[in-house]
Amino acid sequence: MKRILLIEDNSSDEVLTVRALKKANVANEIIVARDGQEALDYLFAANSHQGRDLLDLPALALLDLNLPKVDG
């Protein structure tokens with residue numbers, strides 16, 4: 001099953017988004033990145049995500065445009 005990559009630094013917005021997706025019966029696994037650099041690390045299988053299959057990309061990315069480290 002394809003994953004959803006949620007890139008959100010505000011924990012309240014993260015909780016609301018995950019709740020809305022579950023309420024809409026979205027069964028995809030949700031991966032949360034809390035800043036732009038963490039999202040890039042996930043996408044490029046770097047640092048803590050090293051070893052992740054680079055071909056297994058998320059089906060959807062929900063991106064906050066105002067992020068710490070690397071902006072959306």
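Here we summarise the structure given alongside this text. (Residues numbered from 1 in each chain as written. Predicted model: local features only at pLDDT ≥ 70, side-chain atom pairs only at ≥ 80, totals over all residues. Heavy atoms only, no water.)

1. Comments concerning the nonpolar core
By size, the foremost hydrophobic cluster in this structure holds seven residues: Leu5, Ile7, Ile31, Ala33, Ala39, Tyr42 and Leu67. Only strand 1 (3-7), strand 2 (29-33) and helix 2 (36-43) provide two or more residues apiece to this core. (Core = buried A, V, L, I, M, F, W, Y, C linked by side-chain atoms within 4.5 Å. Buried < 20%, exposed > 50% of the residue type's maximum accessible area, 1.4 Å probe, protein only. Helix = DSSP H or I, 4+ residues; strand = E, 2+ residues; numbered from the N terminus.)

2. Considerations on the sheet that holds strand 1
Strand order across the open sheet formed by three strands is 2-1-3, with parallel pairing between neighbours. Of all strands in the sheet, those with a lone pairing partner are strand 2 and strand 3 (60-63), marking the two edges. When the angles between neighbouring strand axes are averaged without regard to direction, this sheet yields 20 degrees. Both strand 1 and strand 3 contribute to a ladder of four bridges, which runs parallel. (Pairing = 2+ DSSP bridges. Axes fitted to C-alpha atoms, helices over the stretch in contact; angles between N-to-C directions.)

3. Regarding the packing of aromatic side chains
Two numbers describe a pair of aromatic rings. These are the distance of the centres and the angle of the planes. Counted under the stated rule, the structure contains zero aromatic pairs. Over the ring of Tyr42 we find Arg52, and its NZ or CZ is 4.2 Å from the ring centre. (Phe/Tyr/Trp six-rings, centres within 6.5 Å; stacked < 30°, edge-to-face > 60°. Lys NZ or Arg CZ within 6 Å of the ring centre and 35° of its normal.)

4. Let's talk about the pattern of salt bridges
When the charged atoms of two side chains with opposite charge come close together, those side chains can pair. Throughout the structure, instances matching the rule amount to four salt bridges. Taking the shortest distance from any N to any O, the salt bridge between Arg3 and Glu29 comes out at 3.0 Å. Taken together, the residues span a long stretch of sequence, with Arg3 in strand 1 and Glu29 in strand 2 at a distance of 26 residues. Arg3 sits in the partly exposed class, given a relative accessible area of 22%. For Glu29, a relative accessible area of 41% translates into the label partly exposed. The closest approach of N and O atoms between Glu14 and Arg34, which form a salt bridge, is 3.1 Å. Here Glu14, found in helix 1 (residues 11-23), pairs with Arg34, found in the loop between strand 2 and helix 2; they are 20 residues apart in sequence, far enough to count as distant. By relative accessible area, which is 13% here, Glu14 ends up buried. Accessibility expressed as a relative area gives 43% for Arg34, which makes it partly exposed. (Salt bridge = Lys/Arg side-chain N within 4 Å of Asp/Glu carboxyl O.)

5. Brief notes about the environment of Pro58
By the element assignment, Pro58 lies in the loop between helix 2 and strand 3. Expressed as a C-alpha distance, the spacing of Pro58 and Ile4, which sit 54 residues apart in the sequence, is 5.3 Å. When near neighbours in sequence (up to four residues on either side) are disregarded, Pro58 contacts Arg3, Leu5, Tyr42 and Leu43. (Contact = heavy atoms within 4.5 Å.)

Everything listed here is a matter of coordinates, which is why it stays silent on function.
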